[in-house]
Every structure is written in structure tokens, then in C-alpha cells.
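Architecture at a glance
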Amino acid sequence: MDVVFTLGKMATPLPPLPRLQLQLKRCWEILLDSPSWDGDLPVPVLDRSWLQLDILSIDALLGRFPVDSSAHAPELVRFQSLLEQGMPADEAEQLCWQDFGPEACHRALRRFWQEQQQPSCLWSLEDYLTLIERYRRTLHSGKPELPLLVLPRRDGKQRLSCHWLPKTTGDRPN
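Right, let's walk through the structure included here.

What counts and how
Residues numbered from 1 in each chain as written. Predicted model: local features only at pLDDT ≥ 70, side-chain atom pairs only at ≥ 80, totals over all residues. Heavy atoms only, no water. Disulfide = S-S within 2.5 Å. Buried < 20%, exposed > 50% of the residue type's maximum accessible area, 1.4 Å probe, protein only. Helix = DSSP H or I, 4+ residues; strand = E, 2+ residues; numbered from the N terminus. Expected span 1.5 Å × (residues − 1). Arc of directions from axis to C-beta. Contact = heavy atoms within 4.5 Å. Phe/Tyr/Trp six-rings, centres within 6.5 Å; stacked < 30°, edge-to-face > 60°. Axes fitted to C-alpha atoms, helices over the stretch in contact; angles between N-to-C directions. Left-handed = near helix turned anticlockwise from the far one by under 90°. Nonpolar A, V, L, I, M, F, W, Y, C, P; charged D, E, K, R; others polar.

Inspection of the entire model under this criterion finds 0 disulfides. Left without a disulfide partner, Cys105 is nearest to the cysteine sulfur of Cys96, which lies 5.4 Å away. With a relative accessible area of 10%, Cys105 lands in the buried category.

Taking 1.5 Å as the rise per residue, helix H5 (residues 102-117) with 16 residues should run 22 Å; its terminal C-alpha atoms sit 22 Å apart, in good agreement. Listed in full, the buried residues belonging to H5 are Ala104, Cys105, Ala108, Phe112 and Glu115. Taken around the axis of H5, the buried residues stretch over an arc of 105°, which confines them to a single face. Residues Glu103, Arg107, Arg110 and Gln117 are exposed on H5 and point more than 90 degrees away from its buried face. The inward-facing, buried residues of H5 contact strand S3 (67-68), helix H3 (74-84) and helix H4 (89-100).

In the structure shown here, the tally under the stated rule is 4 aromatic pairs. For the ring pair Phe112 and Trp113, a centre distance of 5.3 Å and an interplane angle of 75° mean the geometry is edge-to-face. Measuring from centroid to centroid gives 6.2 Å for Tyr135 and Trp164, while their planes differ by 70°, and the two rings are edge-to-face. Here Tyr135, found in helix H6 (residues 125-141), pairs with Trp164, found in strand S6 (residues 161-166); they are 29 residues apart in sequence, far enough to count as distant. By the burial criterion, Tyr135 is buried, and Trp164 matches it. Ring-pair connections join several aromatic residues into one group, and the members of that group are Trp37, Tyr135 and Trp164.

With that settled, consider the packing of H3 against H4. Between H3 and H4, the shortest axis-to-axis distance is 9 Å and the interhelical angle comes to 145°. Both H3 and H4 take part in a crossing whose hand is right-handed. Two secondary-structure elements touch here, H3 through Pro74, Glu75, Arg78, Phe79, Leu82 and Leu83 and H4 through Ala89, Ala92, Glu93, Leu95, Cys96, Asp99 and Phe100. Residues of the contact of H3 with H4, tallied by class, amount to 9 nonpolar, no polar and 4 charged.

Put into C-alpha cells, the structure is as follows:
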């Protein structure tokens, strides 16, 4: 499999990098040899600043890259649910204060906004769950795709990005 990386917005691709190609080929071998969904399936993680590829298992992802779950605080989930049911925002807020207490509601909201302004996590719970669901679905469909997580640059405020590598004929040695 030829993996072509581009530099920023430049249209000129870098030449294929044999070390990275071999690592991705090994990931494909593990994936294609797996009889079913397994927490040991590989997830390659590219550090584009150093052109290094780490291979993590699905089970190791959250330990290495915790997710932002601040939007899933029970106080905020309840508030959103009440709004979706058509309750006015001020009434929903009052009900949440009664159910959880004003301090807990303020703390949940503060944590959520702090995470939005100064992220401490590289990805959200939704991103992680989407990765798991798609990885599992493509494996079960017989048309597996390999997720490639790309780390943001060290000085950027970006998040992890996930690119899906489709199976090609060169993925399995003959």
C-alpha cells in the first residue's frame, strides 16, 4: 500500500515512507487475520510533526488519549432533554437546579465551557464512539477500513483527526 503524505496545504506529496508503509501493512495483517471484533485490533496514530507512527490497540486508546465528556454531564444532558421536550430554558434551568443543585449545574457548565475554550482533550466522546462504531461495522461487513488517527501539531489547538484507509490489494502479502 502506498501511503502519500502532503505537507500542509502544499499539493506536492512526500514520497512513500517505507517504515510507515511497513507499519501500516502490519496493521492490515492483524486486522485481516482477526476472526471478529477484538479490543486488540490496531489503531495507527500518526505524529505528523515527526512522521512517527505509533500502533495502539483499541483498548489502549482511551488511556493514551482521554476524551472530552464534559457535554455529557448529567446536569447538561437533563437540561438539553428538557429543551428538546419544548420546555422554556429558564424553566428547564430551574428544574435542573432543583434536581442537581445550583452548584453542580454551575460546575458542569463551567467545565463544559472551559473545555471549549481551552481543550485538555484531543477528541470528544462522540469522536471516539464514532470511531469504534465504524471500525466494528466495516469489519463485520467484510469490507474493513483501518482508522488512522492524526495528532495535531504541538502548537496548534486542533483535535485528533481520523482518516479511514480502505483495504487495497497490497494490504496483504501474497
